[in-house]
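Reading the structure
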Amino acid sequence: MIQRFKDDFVSREHRFSLGTDQGTGGTYLSTPVSGFTAAAEWEAYFTITADQFARFRADPSTADDFTEDCRMGRNREFLIYPR
């Protein structure tokens, strides 16, 4: 079985990773998210553009706002659902 998400870059400091979606060929940012109670945390994947990928990789701090919006549920339109 082929792993769908392949990380190419990890920022432990900023708590996200960047990679390629092997299913679509697109790029993604993944970050830990939690539910309403914050009792459980899981990794969620969000589609990003090639320009965002390059910018976030070159300077991880530029992803802070986008990543925080993902964690807070404000970027749901970019969420990649498992298929």
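Let me sum up the structure you'll find in this document. (Residues numbered from 1 in each chain as written. Predicted model: local features only at pLDDT ≥ 70, side-chain atom pairs only at ≥ 80, totals over all residues. Heavy atoms only, no water.)

**A word on the side chain of H14**
As for its position among the elements, H14 is in the loop between β1 (5-11) and β2 (16-21). At 2.8 Å, the side chain of H14 and the side chain of D64 are in polar contact. Among residues more than four places away in sequence, those in contact with H14 are P60, S61, D64, T67 and R71. (Helix = DSSP H or I, 4+ residues; strand = E, 2+ residues; numbered from the N terminus. Polar contact = N/O pair within 3.5 Å; in protein donor to acceptor, adjacent residues only side chain to side chain. Contact = heavy atoms within 4.5 Å.)

**Some points on helix α2 (residues 64-71)**
Within α2 the residues assigned to the buried category are F66, T67 and C70. Relative to the axis of α2, the buried residues are bounded by an arc of 95° and lie together on one face. As for α2, its buried residues are in contact with β2, β3 (27-34), β4 (41-48) and α1 (50-58). Of the residues one or two after α2, G73 is the one with positive phi, at around 80°. (Buried < 20%, exposed > 50% of the residue type's maximum accessible area, 1.4 Å probe, protein only. Arc of directions from axis to C-beta.)

**Some remarks on the sheet that holds β3**
Sheet strands pair by backbone hydrogen bonding; their relative direction is either parallel or antiparallel. Spatial ordering of the open sheet is given by β1-β2-β3-β4, a layout of four strands whose pairing is antiparallel. Either end of the sheet is taken by a strand with one partner, and the two such strands are β1 and β4. When the angles between neighbouring strand axes are averaged without regard to direction, this sheet yields 35°. Where β3 and β4 come together, eight bridges link them in antiparallel fashion. Opposite S34, over in β4, you have E41 as the bridge partner. Against the sheet, α1 contacts β1, β2, β3 and β4, and its axis sits at roughly 145° relative to β2. Those strands touched by α2 are β2, β3 and β4, and its axis lies near 50° from that of β3. (Pairing = 2+ DSSP bridges. Axes fitted to C-alpha atoms, helices over the stretch in contact; angles between N-to-C directions.)

Functional significance is not addressed by these values, which are geometric in nature.
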